[in-house]
Amino acid sequence: MSLPHWITVRPLTSTCPGGPHIADLAGGRGWLIYTFIWRHAEPQITVTDAFWT
């Protein structure tokens, strides 16, 4: 599965690639800051901040 073309994802800080990431939405109209928590039974994404214009 891949993301739609209007969403780009990058690490929030380059020194911690497993840490928070930012997803830029719709060419800069919004963003989500999230952390992916890998668990065997139930992986989850925790969104810590969101913005949309």
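Anything mentioned here points back to the structure above.
Residues numbered from 1 in each chain as written. Predicted model: local features only at pLDDT ≥ 70, side-chain atom pairs only at ≥ 80, totals over all residues. Heavy atoms only, no water.

Caption draft 1: How the structure looks around the overall build of the protein. Summing up its helical and strand segments, the protein has 0 helices and 4 strands in all. Going from the N terminus to the C terminus, the protein shows its helices and strands as β-β-β-β. Overall, the C-alpha framework of the protein stretches about 35 × 25 × 15 Å when taken along its three principal axes. For the protein, buried positions account for 17% of its 53 residues. Accessible area of the protein: about 4,200 Å², with a carbon and sulfur share of 64%. (Helix = DSSP H or I, 4+ residues; strand = E, 2+ residues; numbered from the N terminus. Buried < 20%, exposed > 50% of the residue type's maximum accessible area, 1.4 Å probe, protein only. Areas by Shrake-Rupley, 256 points an atom, 1.4 Å probe, with all protein chains shown as cover.)

Caption draft 2: Just the environment of Asp49, in detail. Assignment of secondary structure puts Asp49 in strand 4 (residues 44-52). In this view, Asp49 contacts Trp31, Leu32 and Ile33; residues no more than four positions away in its chain are not counted. (Contact = heavy atoms within 4.5 Å.)

Caption draft 3: Fine view of a nonpolar patch on the surface. A surface patch of nonpolar side chains, amounting to about 470 Å² of accessible area, comprises Phe36, Trp38, Ile45 and Val47. Positionally, Ile45 belongs in strand 4. A relative accessible area of 54% places Ile45 in the exposed class. (Patch = residues over 30% accessible without salt bridge, like charges linked within 9 Å, V, L, I, M, F, W, Y side chains within 5 Å. Salt bridge = Lys/Arg side-chain N within 4 Å of Asp/Glu carboxyl O.)

Caption draft 4: Structural context of the pattern of salt bridges. Under the counting rule described, the total for this entry stands at 1 salt bridge. Across the pair Asp24 and Arg10 runs a salt bridge whose closest N-O atoms are separated by 3.4 Å. With a gap of 14 residues between them, Asp24 in strand 2 (residues 21-25) and Arg10 in strand 1 (residues 7-11) connect regions that are remote in the sequence.

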